[in-house]
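Understanding the architecture of this molecule
Here is what each chain is made of, one letter per residue.
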Amino acid sequence: MKQALRNKLITLKALGFVVLSVTATNAQSVISGRVVDQKNVPVRNASIYLDNTIDGATSDSTGAFSFTTEEKGAQTLVASEVGHENAGLPITVNGDVKDIVLKMKEAPKKLDEVVVTAGSFEASDKGKTVLSSLDIVTTAGSQADVVKAIQTLPGTQQQGTQTGLFVRGGDASEAAFVVDGLIAQNAFFSTAPGVAARSRFGPFQFKGVAFSSGGYSARYGQALSSVLELNSNDMPDKSTINTGINMAGVYFSGAKLLKNTSLEGSAYYNNLSPFYGIAKTNMDFYDVPKGGGGSARYVHKPNKDGIIKALVNYTTFSSGTRVPNPAQGKETETLDFGVKNQYGYGIVSYRQMLKEKWNLYVAGSYTKNQDDIKANTLNILNKDDRAQFRAEAKRYVNSRLSILAGTEVQNFTYHQAFDTFKTEFTETQVAGYAEADWTPIYWLAFKPGVRYEHSGLLEQNSVSPRLALAIKAGKNGQFSVASGIFYQIADPQYFLQDYKPGLQRSIHYIANYQLMKNDRILRIEGYYKDYDQLVRELGNMPFNPAALAQRTIAGPVSNTGDGYATGAELFWRDKKSIKNADYWISYSYIDTRRIYRNYLEEVQPDFIATHNLNIVTKYFIPKWQTQINTTYSYSSGRPYFNPDPEVAFMSGRTPEYHNLSIAINYLTSIKKWFTVIYGGVDNVTNAKNVFGYRYSGGQAIPTRPALYRSVFVGVNFSLTEFDKDEL
C-alpha cells in the first residue's frame, strides 16, 4: 500500500515535469538517458527525477527520458515504476549529463490485494475504478453537473421538481457533500419551490469523486444516508487558456504554471433567456434565471511530497417564478417568488507526506450564503455561514496496515427574517475519529473505525462505530460487507422555529459482490437501513406536502419517528465487447417506509420510486472525431398525497418516469485553438413526466418539471489539446 501510494504521487508529479523542462530559464542542465530492465528491455512510463527536487520526466515507449534542471553538484537520479523496484544512480551535475542508463529490477509478482467496496463507488483517473471522472463529464443528460451524472448509479432517485441527491430511501437532507474533506454548504443553487436546481460543482474542478451510498468512512458524519466526496485538482499539467460559449452563457478560465506553483482563475456569466426563448416551459419565469461568478486558485508544491491549495469562489444568481400558492383555499392562485442568491466560499489545505511513513493533512474553509426572497409582498431574508477546520494524520505502519486519526470543528449560523420578525441559531460541532486499513493476508481486508461527535446546540454526544471488510473471491472478484451507526441533527427549520429536537440516527447493513475483468464490471449489492429517532411534528395541522421557502411546522416535535429502507442493486459496465463503445446499466429496487415530519402514518415517501433503471452508452467514431452518448432513465410511479378523506394516506401513484437523452461531441481545431462542439437533447421523446399532484376543488393538478424537453448546444476552445476521452 505504501509503495502504491508513493507511485501515485510520483506519477502525478511527473505529469508536470515535461512542462517545467520547457519553462525553466537560466543555467539549466539537460539530464537524459534510458530506463531498461535487467534484460535491457525498455521500461515505459517510469518516473525519473532528481531526489529531493521536483525536476524530472516520464520515460517514453523506448525507455528514453530527458529533462532540464537548475540543480548543481552531487545528485541522486531515481526511477520508479509500478511493476519494478525503485532504482537509484549517483550523478554529478556540472552541465549536461547524457546517455545515462538506469536498470530496474522487476518487482516480485503477487495477486492484487482486496479492497473494500461495499456501499462505495469511486470515480477517478487512477487505478481500477467503477467510473472515471471523465465518464461523469460525458454522460448524456448530466448537463455537466456532477450530481446529475451520479444519479445514473444504483441507489439514487430521479428528481425533476426537488433539489438534492436522494439515496436509498433518504431525503435530500441526508446526503453530505464534501470538498477536500470539508463540508460544501449550500451545494445547490437557490431556486423557487418546485424547481429543481443544479449543483455548484463543475465538471473540470475535480480529479476524483467518491460516492458512498451507505456505510461510509468514520472521517465523516452528519449524514444519515450518503456522502459525495470531491477531491480538487492538484497542480495543472501545463499553462493553458480555456473559453466557451453556449445557449446559457459564456465562461473563461486560465492557468499559469510556474516551476512549483500554479495560478488559476475563472469567470462566467449565465442568462437563460435564449434557452427559454426556444424551449416551452411548464413554469412562468417573469425573471429568467441569470447570474455569474468567478474563482481564483493557488497551488504550490513546497517539496516533492507536499502540496498547498487555496481557493476563493463567489457567485450571484437571481430568478423570478410564478409558483402555485401552497396555502389552503388558494390552490388555484399563484404567487410571484423572486430570489437573489449571493454565495462565497474559500478553502485552504496542506498535505505532506513524510518519509513514506506519515501522511499529514490540515484544511480550513469558510462559506457564506444569502437568499433575498420576495414572495408576492412578503420579504424574506435567509442567511447562513459555516466555518470548518480539519486535521488528520495517517501512519503507514507497514505495507498491510495503516492507521488514520483526526479531528474536525464546525461552527455554523442560520439567520431568517420575515419583514421585521427575525430568528437565528448557532451550532458548534466537535468531532474526533480513528480508522484503520488492515490487510493481514492479500485476500482479506478490514476497515474498522469509530467517530465521536459533540453538539454544542443540543449538548448531546454520539459515538458511531463503523466496520467494513472484504474477502477476495478468485483473481478478479471479491465480497464486501459494511455496517455502521450514523447521526445527524434535524433540519435547520426546526431550530429557526424555536424547536430543539435531538439527534436522528440510522444503522446501515450492506453486502456486495464485485467482479472486474477485461474492462468489464459486475456489481451486485444488497442493504438494509434502520431509521430511528427521526423528527416528528405532533400538531393537528393537516398534512400538506407543498412547501414555500419556509414550511410552517406543526409542533410540538419529538424524536419518535422511525422507518426502514431495504433493497437490491445491480451495476454492469462493459468497455470490451464493442470496439470504441462503452456502456453501463444500473438497476435499483427499494422497499422503504417511514413516519417523520408531518406524515400521518408510516408510508413510502413521496420522493421514492420502487424501481429505477439507467442505461448509459458512449460510442466514439475515430474517422469523424465524434462521440455519441445516450442515457435512458426509467422509474416506477411514486406516492402522492390525495386530501380526499376516503383515500388512504399516500396511496396514490404517479405515472412511470421515462427520459431519453442524447449528446453529440465533435473534436476539431480552429487555427491554434483545439475545439469541441457539442449539442444535446434531454427527454428526446418529450415524455410528460409527473412527480406528484396538488388538489384544487377536488381536481388533481400535476406537479411537472420546469421543462419537459430541452435542447442545448455550445462550443469549447482550449490552447491545450483535448484527449478523445474528454469529448
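Residues numbered from 1 in each chain as written. Predicted model: local features only at pLDDT ≥ 70, side-chain atom pairs only at ≥ 80, totals over all residues. Heavy atoms only, no water.

Focus on the overall build of the protein
In terms of helices and strands, the protein carries 5 helices and 38 strands. The proportion of buried residues among the 727 residues of the protein is 52%. Within the protein, counting contacts between residues at least 6 apart in sequence, those at least 24 apart form 62% of the total. Counting only carbon and sulfur atoms, one obtains 56% of the accessible surface of the protein, whose full area is about 31800 Å². (Helix = DSSP H or I, 4+ residues; strand = E, 2+ residues; numbered from the N terminus. Buried < 20%, exposed > 50% of the residue type's maximum accessible area, 1.4 Å probe, protein only. Contact = heavy atoms within 4.5 Å. Areas by Shrake-Rupley, 256 points an atom, 1.4 Å probe, with all protein chains shown as cover.)

Points about a positive patch on the surface
A cluster of basic residues, K280, K688, R704 and R709, forms a positive patch on the protein surface. By the secondary structure assignment, K688 is in the loop between β35 (673-682) and β36 (693-696). (Patch = residues over 30% accessible without salt bridge, like charges linked within 9 Å, V, L, I, M, F, W, Y side chains within 5 Å. Salt bridge = Lys/Arg side-chain N within 4 Å of Asp/Glu carboxyl O. Lys, Arg positive; Asp, Glu negative; His and termini not counted. Charge placed at Lys NZ, Arg CZ, Asp CG, Glu CD.)

A short note on the sheet that holds strand β7 (residues 97-104)
Taken in spatial order, the 3 strands of this open sheet run β4-β1-β7, and their pairing is mixed. On the outer flanks of this sheet lie β4 (64-69) and β7, each paired with one strand and no other. Within the sheet, the average angular offset between the axes of one strand and its neighbour, ignoring direction, is 25 degrees. (Pairing = 2+ DSSP bridges. Axes fitted to C-alpha atoms, helices over the stretch in contact; angles between N-to-C directions.)

Some points on the side chain of S199
With respect to the helices and strands, the residue S199 is situated in the loop between β10 (182-183) and β11 (206-212). With relative accessibility at 1%, the residue S199 sits in the buried group. From its side chain, S199 meets the backbone nitrogen of F201 in a polar contact 3.3 Å long. Those residues in contact with S199 that sit more than four places away from it in its chain are D145, V146, V147, A187, F188 and F189. (Polar contact = N/O pair within 3.5 Å; in protein donor to acceptor, adjacent residues only side chain to side chain.)

Details of the nonpolar core
Among the nonpolar cores identified, the biggest contains 29 residues, and I150, L165, F177, F201, L228 and L230 are the most heavily contacted of them. Going through the elements one at a time, α3 (146-150), β9 (175-179), β11, β12 (226-232), β18 (334-354) and β19 (358-375) are the ones with two or more residues in this core. Once you skip the residues sitting within four places of it in the chain, L230 turns out to touch V146, V178, V179, D180, F201, F206, G208 and V209. (Core = buried A, V, L, I, M, F, W, Y, C linked by side-chain atoms within 4.5 Å.)

Points about the side chain of D574
When you line up the elements, D574 lands in strand β28 (residues 557-574). Here R520 takes part through its side chain, which lies 3.4 Å from a polar atom of the side chain of D574. In contact with D574, not counting residues within four places along its chain, are D519, R520, A581, D582 and Y583.

Let's talk about the packing of aromatic side chains
Counting across every chain of the model gives 19 aromatic pairs. Here the aromatic rings of Y216 and F486 are separated by 4.6 Å at their centres, their planes lie at 45 degrees, and the arrangement is tilted. A residue pair is termed long-range when its members are at least 10 positions apart, and Y216 in the loop between β11 and β12 and F486 in strand β25 (residues 477-488) qualify at 270 residues. An aromatic cluster is present here, built from F177, F188, F201 and F206 joined pairwise through their rings. Positioned above the aromatic ring of F412, the side-chain terminus of R386 is 4.2 Å from the ring centre. Above the ring of Y708, the side-chain terminus of K688 is found at 5.4 Å from the ring centroid. (Phe/Tyr/Trp six-rings, centres within 6.5 Å; stacked < 30°, edge-to-face > 60°. Lys NZ or Arg CZ within 6 Å of the ring centre and 35° of its normal.)

Remarks on the environment of S59
Summarising the element assignment, S59 is placed in the loop between β3 (56-58) and β4. S59 gets classed as buried once you look at its relative accessible area, which sits at 3%. Placed 23 residues apart in sequence, S59 and V36 show a C-alpha to C-alpha distance of 10.0 Å. Apart from residues no more than four positions distant in its own chain, S59 is found in contact with V35, V43, R44, N45, A46, I48, A64 and F65.

Side note on the pattern of salt bridges
Counted according to the given criterion, the structure contains 19 salt bridges. In this structure, R594 and E174 form a salt bridge, with 3.0 Å as the shortest nitrogen-oxygen distance. With R594 in strand β29 (residues 581-595) and E174 in the loop between α3 and β9, this pair connects stretches of sequence that are 420 residues apart. Across this residue pair, the class does not change: R594 and E174 are buried.

Some points on the environment of Q222
Tracing the sequence through the fold places Q222 in the loop between β11 and β12. Ignoring any residue separated from it by four or fewer positions in sequence, one finds Q222 in contact with A176, Y216, Q429, E453, Y487, Q488, I489 and L503. One polar contact links Q222 to E453, side chain to side chain, over a distance of 3.1 Å. Side-chain polar atoms of Q222 contact the backbone nitrogen of I489, separated by 2.9 Å.

Overview of the sheet that holds strand β2 (residues 47-50)
Sheet architecture is open: 4 strands sit in the order β3-β2-β5-β6, paired in antiparallel fashion. In the strand order of this sheet, the two ends are held by β3 and β6 (84-93), each with one partner. When strand polarity is set aside, the average angle formed by the axes of neighbouring strands in this sheet is 15 degrees. As paired strands, strand β5 (residues 73-81) and β6 are joined by 8 bridges and run antiparallel to one another.

Observations regarding the pairing of strand β13 (residues 240-246)
Inspection of the sheet shows β13 paired to strand β14 (residues 249-257) by 7 bridges, in the antiparallel sense. When the bridges of β14 are listed, G244 appears paired with Y251. In this antiparallel pair of consecutive strands, β13 and β14, the connection spans 2 residues. Sheet analysis places β13 next to strand β38 (residues 710-718), joined by 5 bridges and oriented antiparallel. By the bridge assignment for β38, N242 is matched with S718.

Some details on a nonpolar patch on the surface
Taken together, the side chains of Y350, V362, F389, V409 and V430 define a hydrophobic patch exposed on the protein surface, amounting to about 360 Å² of accessible area. Mapped onto the elements of the fold, V362 is located in strand β19. Take V362: its relative accessible area is 35%, and that puts it in the partly exposed class.

So, unusual backbone geometry
Glycine aside, residues mostly have negative phi angles, and peptide bonds mostly take the trans form. Phi at N518 is positive, roughly 50 degrees, even though this residue is not glycine. Within the secondary structure, N518 is located in the loop between β26 (504-517) and β27 (520-537). Positioned with a positive phi, Q533 is a non-glycine residue whose angle comes to about 60 degrees. Residue position: Q533 is located in strand β27.

Comments concerning the pairing of β25
The buried fraction of β25 is high, at 9 of 12 residues. Bridging between strand β24 (residues 460-473) and β25 involves 8 bridges; their strand directions are antiparallel. For A470, the partnering residue across the bridge sits in β25 and is S480. Counting the residues in the hairpin turn of β24 and β25 gives 3 residues, including G474, whose phi is positive at 85 degrees. Of the pairings in the sheet, the one linking β25 to β26 comprises 12 bridges and is antiparallel in character. Note that in β26 the partner of S480 across the bridge is N512.

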